[in-house]
Amino acid sequence: METARSSDDAVEPTAADDDPPLGAGDAAPAPPPKPGWRRWVMDTRPLRHRPFRRLWGSTTVTAIGSQLTAVAVPKQIYDITGSSAWVGYASFAGLLPLVVFALWGGVVADRMDRRTLMLVTNVGIAVTSVLFWAQSFAGLDSVALLMVLLAAQQGFFGMNSPARSASVARLVPAEELPAAGALQSTVAQTGMILGPLLAGALIPVLGLPALYLIDAVALCVTLWAVWRLPALPPLTEGGTGGARRGGWRDVADGFRYIAARRILLMSFLADIIAMVFGMPRALFPQLASHTYAPWGEGFALGLLFAAIPLGAVAGGLLSGTFSRARRHGLMLIAAVVAWGVAITGFGLSPNLWWAVAFLALAGVADMVSMVFRGTILQAAATDDMRGRMQGVFTVVVAGGPRVADLLHGTAGSLLGARAAVAAGGLLVAVTTLGLAVAVPAFRRYTP
């Protein structure tokens, strides 16, 4: 079960010295490119800007903390019920409020100060984390209470995520958006690796309640960091503000905005294609127990789940190789095609180590895709629509893998696991190339 939550921001001494937000489309002079090998490693220019440094810095703390809760909730539910089905029910209980409040939160993020919205929603997330700790410490053993708390926390996260993501373009110059995306994605992927490992090590020593408590403390750091950000009120068009309804009609306006702009629409379609047809995690247990059983089922399963995040982190650490590219549309197309080819190679691999290598390559491609997909959403949308774009993106990220699980699970039972994986990867590559041919403006897109 996934609990989709990450952090927001980081801490520095005094608000008086804060850099003001740059505003939409603002740019700042960049230093000359790094010489030699330094040009290949992660581009850290966005960290020169104190507000973004705060936004990114606490992510290094709470990216791990959120994963502790992501492990603790299903573990506690399974301990209470002894049923994996209840773990799945709890995951679904968190999905609906995440989807609803992400869409609505995107509208709100376009209508009010994003810093204020992040403060309010982070308080909500922190309170639910404290309540998670309290119920576990008290030994209440109530699945219903856990599901209510999970639904509430996912609702707060859904409101928080669009505001947090849409704020990045106000904190760094436009040409540094890919580098900022690489920094954020690398921290998130690192948390996905280290968080579960830390949780597994801490549960036997400190017990389950400690995981919730550590997450709650990390969220207090996030709250302090958000408090220290500059104000991020809506930008006005031509000096006049529009009517601010903040209702579901504005959600529909966001979808119409995407449909009317081919670049945004193609970026969403490319992401959906990659996730739905090319995310085979539902077949990992079957592959580990059959195809890769000679290497040990548990060992193989752990490697399969870890390979993509490890590849993504490696791609992030070497993001200087691609984050300065100007052809953002072409880079996104190439990354999704590379993802499809790597997944096809994984499906065709009878050897565990080749399978892990192809999944790691898929992780590198996924990092490139994340960087340029996020940059396109920031650069191709006006500031008054960025919250809604990020809200829709949150829904796609939350829902896409679950659709992929259903599709791959069904295909795996009909075709066999390896054939289903290889066919899905091939479908990703062919469909994405078809989009590139059909929409030349997308492959030529530069911000």
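See above for the structure.
Since the structure is predicted, the reported quantities are computational estimates derived from the model, not experimental observations. (Residues numbered from 1 in each chain as written. Predicted model: local features only at pLDDT ≥ 70, side-chain atom pairs only at ≥ 80, totals over all residues. Heavy atoms only, no water.)

## Notes on empty space enclosed by the protein
Think of a ball as big as a water molecule: rolled over the atoms, this probe shows where empty space is left.
Step number 1: Within this structure, the stated rule accounts for 1 cavity of 30 Å³ or more.
Step number 2: Looking at the largest cavity, its volume works out to about 40 Å³.
Step number 3: Around the largest cavity, the lining residues are Leu 103, Val 251, Gly 254, Phe 255, Arg 388 and Val 392.
Step number 4: Among the secondary structure elements, those contributing two or more residues to the lining of the largest cavity are α8 (248–259) and α14 (383–415).
Step number 5: Split into classes, the residues belonging to the lining of the largest cavity amount to 4 nonpolar, 1 polar and 1 charged. (1 Å grid on protein atoms, 1.4 Å probe; cavity = no way out; pocket = protein on both sides within 12 Å on 5 of 7 lines; lining within 4 Å. Points joined across faces, edges and corners; volume = space filled by probe spheres on them. Helix = DSSP H or I, 4+ residues; strand = E, 2+ residues; numbered from the N terminus. Nonpolar A, V, L, I, M, F, W, Y, C, P; charged D, E, K, R; others polar.)

## Examining the environment of Leu 303
Step number 1: Structurally, Leu 303 can be placed in helix α11 (residues 297–317).
Step number 2: The spatial distance from the C-alpha of Leu 303 to the C-alpha of Ala 288 is 9.4 Å, given a sequence separation of 15 residues.
Step number 3: In contact with Leu 303, not counting residues within four places along its chain, are Leu 352, Trp 353 and Val 356. (Contact = heavy atoms within 4.5 Å.)

## Considering the packing of helix α9 (residues 262–278) against helix α15 (residues 417–438)
Step number 1: Contact geometry for α9 and α15: axes closest at 8 Å, N-to-C directions at 165°. Between α9 and α15, the angle is such that the two are roughly antiparallel. Read as a crossing pair, α9 and α15 show a hand that is right-handed. In this structure, α9 uses Met 266, Leu 269, Ile 273, Ala 274, Phe 277 and Gly 278 to contact α15, whose residues at the interface are Gly 424, Gly 425, Leu 427, Val 428, Thr 431, Thr 432 and Leu 435.
Step number 2: Across the contact of α9 with α15, the residue classes tally to 8 nonpolar, 5 polar and no charged. (Axes fitted to C-alpha atoms, helices over the stretch in contact; angles between N-to-C directions. Parallel < 35°, antiparallel > 145°, perpendicular 65-115°, else oblique. Left-handed = near helix turned anticlockwise from the far one by under 90°.)

## Observations regarding unusual backbone geometry
Step number 1: Unusually for a residue other than glycine, Asp 141 sits at a positive phi of about 55°.
Step number 2: Note that Asp 141 resides in the loop between α4 (114–138) and α5 (143–166).

## A word on the side chain of Arg 388
Step number 1: Structurally, Arg 388 is set in helix α14.
Step number 2: The residues contacting Arg 388, other than those within four sequence positions of it, are Gly 106, Val 107, Asp 110, Arg 111, Asp 250, Asp 253 and Gly 254.

## Some points on α9
Step number 1: For α9, which comprises 17 residues, the first-to-last C-alpha distance of 23 Å matches the rise-based estimate of 24 Å (1.5 Å per residue) to within 8%.
Step number 2: Among all positions in α9, only Ile 263, Leu 264, Met 266, Ser 267, Phe 268, Ala 270, Asp 271, Ile 273, Ala 274, Met 275, Val 276 and Gly 278 are buried.
Step number 3: Packing partners of the buried residues in α9 comprise α8, α12 (328–347), α13 (352–379), α14, α15 and α16 (440–443). (Expected span 1.5 Å × (residues − 1). Buried < 20%, exposed > 50% of the residue type's maximum accessible area, 1.4 Å probe, protein only.)

## Considerations on the packing of aromatic side chains
Step number 1: Counted by the stated rule, this structure contains 10 aromatic pairs.
Step number 2: Centre to centre, the rings of Trp 133 and Phe 137 are 5.3 Å apart; their planes meet at 20°, and the pair counts as stacked. With a gap of 4 residues between them, Trp 133 and Phe 137 both fall in helix α4, about one helical turn apart.
Step number 3: On the basis of relative accessible area, Phe 137 is assigned to the exposed category, the value being 62%.
Step number 4: Measuring from ring centre to ring centre gives 5.9 Å for Phe 284 and Phe 346, while their planes differ by 85°; the resulting arrangement is edge-to-face. Taken as a pair, Phe 284 in helix α10 (residues 284–289) and Phe 346 in helix α12 lie far apart in primary sequence, 62 residues in all. No difference in accessibility class separates Phe 284 from Phe 346, as the two residues are buried.
Step number 5: Seen from the ring of Trp 227, Arg 115 lies directly overhead, with NZ or CZ sitting 5.2 Å from the centre. (Phe/Tyr/Trp six-rings, centres within 6.5 Å; stacked < 30°, edge-to-face > 60°. Lys NZ or Arg CZ within 6 Å of the ring centre and 35° of its normal.)

## Here's the deal with the pattern of salt bridges
Step number 1: Counting across every chain of the model gives 14 salt bridges.
Step number 2: One salt bridge connects Asp 271 with Arg 373, and the closest N-O pair in it is separated by 3.2 Å. Of this pair, Asp 271 sits in helix α9 while Arg 373 is found in helix α13, placing the two residues 102 residues apart along the sequence.
Step number 3: Relative accessible area serves as the criterion here: at 6%, Arg 373 is assigned to the buried category.
Step number 4: Here Arg 281 and Asp 405 are joined by a salt bridge, their closest N and O atoms 3.0 Å apart. On the criterion of sequence distance, the pair formed by Arg 281 in the loop between α9 and α10 and Asp 405 in helix α14 is long-range, its members being 124 residues apart.
Step number 5: Under the relative-accessibility criterion, Asp 405 is labelled partly exposed at 23%.
Step number 6: If you follow the salt bridges from partner to partner, you end up with Asp 110, Arg 111, Arg 114, Arg 170, Asp 250, Asp 383, Arg 386 and Arg 388 in one network. (Salt bridge = Lys/Arg side-chain N within 4 Å of Asp/Glu carboxyl O.)

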